[in-house]
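# Observations on chain architecture
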Amino acid sequence: MNKAFDIVEIYMPMFAFFMVFVLYLAQIVMRYGGFGKTGKLYELCQIMFVWCSILSASYGGRTGSHVQFTILYDKCNAKTQLAFRLIGDLAVIVAFCIIFPYAWREIDFLTIKKSDLLRIRFNIIYAPFLVFVGFTIIHYIRNLVGDIRELIKNVKERLSLIHI
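So, how was this worked out
- Residues numbered from 1 in each chain as written.
- Predicted model: local features only at pLDDT ≥ 70, side-chain atom pairs only at ≥ 80, totals over all residues.
- Heavy atoms only, no water.
- Core = buried A, V, L, I, M, F, W, Y, C linked by side-chain atoms within 4.5 Å.
- Buried < 20%, exposed > 50% of the residue type's maximum accessible area, 1.4 Å probe, protein only.
- Helix = DSSP H or I, 4+ residues; strand = E, 2+ residues; numbered from the N terminus.
- Contact = heavy atoms within 4.5 Å.
- Disulfide = S-S within 2.5 Å.
- Expected span 1.5 Å × (residues − 1).

### Observations concerning the nonpolar core
Residues Ala16, Val20, Leu23, Cys45, Ile47, Met48, Cys52 and Ile125 constitute the largest nonpolar core, which totals eight residues. With four residues, the top contributor of residues to this core is helix 2 (residues 39–57). With residues up to four places along the chain from it excluded, the contact list for alanine 16 reads Met48 and Cys52.

Right, here's the structure in full:
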């Protein structure tokens, strides 16, 4: 399962970023070499950048490497930190589950619009957002399950200490 996540969250964005770099260089050569207009390359470069940033965004949820402000969290004991993680994971899951049908509807609506030069439908351009939302939900459900297992383990340990 992680291999599929790696393909979508690492390798596809890596390819998209490589394409952004190549297209950017091609635009420079075309513009200053006098080889013609760069509008289509510019538009494709923007699309690749959107794909790169959106597809790679959910990777932080999987690895726990998003920017975090943990001043209060770090000062708390392990039980309170676990409670914060449970609440945070649940909040993200609920928020993204609420967002998903609306995002689906809006992206489906974008079928009627096309990009100016390449004539690519906007629903294709912004479809990675649905992948981002779906993957983020999956990653945070995994985090929540891990935290619930830790909570159950802590409760069992406390109960075993009581019986001794």
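Moving on from the coordinates now.
### Considering the state of the cysteines
Enumeration according to the criterion identifies zero disulfides in this entry. Summary of cysteine pairing: cysteine 52 is not part of a disulfide, and the nearest cysteine sulfur, belonging to cysteine 45, is at 10 Å.

### Let's talk about helix 2
Spanning 19 residues, helix 2 covers 27 Å between terminal C-alpha atoms, matching the ideal 27 Å at 1.5 Å per step. Taken together, the buried positions of helix 2 are occupied by Glu43, Cys45, Ile47, Met48, Cys52, Ile54 and Leu55.

Just distances and angles here, no functional claims.
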